[in-house]
Amino acid sequence: EQKLRIASEEYTVEVSGLPKGRRLTNEDLFRGLKVSYDGTAPQLTVSLSNESSDPFLRTVSYEILQPAAFYDLGDTFTVKASFSEQEAIQNEYIADLSDKTTQKEYTVAGADSYLREPSELSKEQLQTLNEAAAALFGDATEYGLRIFSEANLMPIWVNGKTTFVWSRPRLISAYLNVLRPEYYADTAMHTNDLKLVYMARLSQADGVSCDAEVVVQFNGLIQRADGSYDLGLDSGRIIAASYRNSNIRDLVTNSYDKEYEAKKINVS
C-alpha cells in the first residue's frame, strides 16, 4: 500500500557504549561482612552485619547455614550471601556465581573464654585468688555451732550470742569445676567455678578452738580476648565448712559430678 519493498528481514547492530561489567567474586561478597561474637566461650552467639559502602553490596543479605545455639572457640560455621541478580547487573556486576562462591567458612576466634583447664591458671593468679579468699575469714557464726557439735566441743554465749571466729586460714587444696560439654546450652548453669579448700582455726571467746576445713568458691573465671583475665574476685564467698574431711571431699569432688568435672590444681 505504501509502495515499500523489504530489502532484508535481518539487520545486524553492533553493541557499543556500554560499561564493562566487573565479575563479582567471593572476596567482594564478604568484604563488608562483620562477624561479631557475644557472650563467653563455650556459650558464644554469632551476629552478622553488612557494613559495605558499595550501593549494590549493601543490598546483600547473609545467613549462617545450619546455625548452632552456641559456639566455642575453634568451631566453624558457613555463611551464605544472597542477592538479586538483576540488582547486580544494574550495578555493572557479572553475577555468574556458584554456591561455592556465595559461601564462606569462618572459624570462631578472638572472643572471651571461660577457663576450663587448671593449666590456664598461673601460680601468680592462684596466689591472687588465695589472698582474696583469705580476706573472707572473720566471723564464723554461720558454721560454729555445727562444727563444735561435730568436734564434741561445748559452745558458749556472750550476751546471748555465740562468738565464733576464723583465724589462720591455710590453703590445702584447690579444684576447678568445669561444666561438661553436653550441658553448655544450659545458660542457667555456671560454666566454671574454683573451690579453694582451707584448714582454719575456729575459736570462741573462752579460747576453746578446733581446726576445720573451709571451702571458698569463685565463679566465672574468664580469659578475655585481649589476653587479660577476670578471676571473678568479687564472687568469692565461703560456701561450706566442716570438722569432717569427708564432708568437704564430697562437696569439692562429688557434688554435681553429673554436670561438672572436678579438676585438681597443684597448690604446692
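I will try to describe carefully the structure that is included in this document. Just so it is clear, the model here is predicted, and its values are computed rather than measured. (Residues numbered from 1 in each chain as written. Predicted model: local features only at pLDDT ≥ 70, side-chain atom pairs only at ≥ 80, totals over all residues. Heavy atoms only, no water.)

Within the secondary structure layout, Gln-125 lies in helix α3 (residues 123-134). Within the structure, the side chain of Gln-125 is placed 2.9 Å from the backbone nitrogen of Ser-122, a separation counted as a polar contact. Setting aside residues no more than four positions away along its own chain, Gln-125 makes contact with Glu-120, Tyr-229 and Leu-231. (Helix = DSSP H or I, 4+ residues; strand = E, 2+ residues; numbered from the N terminus. Polar contact = N/O pair within 3.5 Å; in protein donor to acceptor, adjacent residues only side chain to side chain. Contact = heavy atoms within 4.5 Å.)

One open sheet holds the three strands; their spatial order is β8-β12-β13, and the pairing between them is antiparallel. The sheet terminates laterally at β8 (113-114) and β13 (229-230), the two strands that pair on one side only. When β8 meets strand β12 (residues 222-223), the two strands line up antiparallel, connected through two bridges. The residue of β12 that forms the bridge with Tyr-114 is Ile-222. (Pairing = 2+ DSSP bridges.)

What follows is about the nonpolar core. Grouped together as the largest cluster of nonpolar side chains are 31 residues, with contacts concentrated most on Trp-166, Leu-194 and Leu-196. Judged by nonpolar contacts, the second largest core, of 22 residues, contains Ala-41, Val-60, Tyr-71 and Ala-111. (Core = buried A, V, L, I, M, F, W, Y, C linked by side-chain atoms within 4.5 Å. Buried < 20%, exposed > 50% of the residue type's maximum accessible area, 1.4 Å probe, protein only.)

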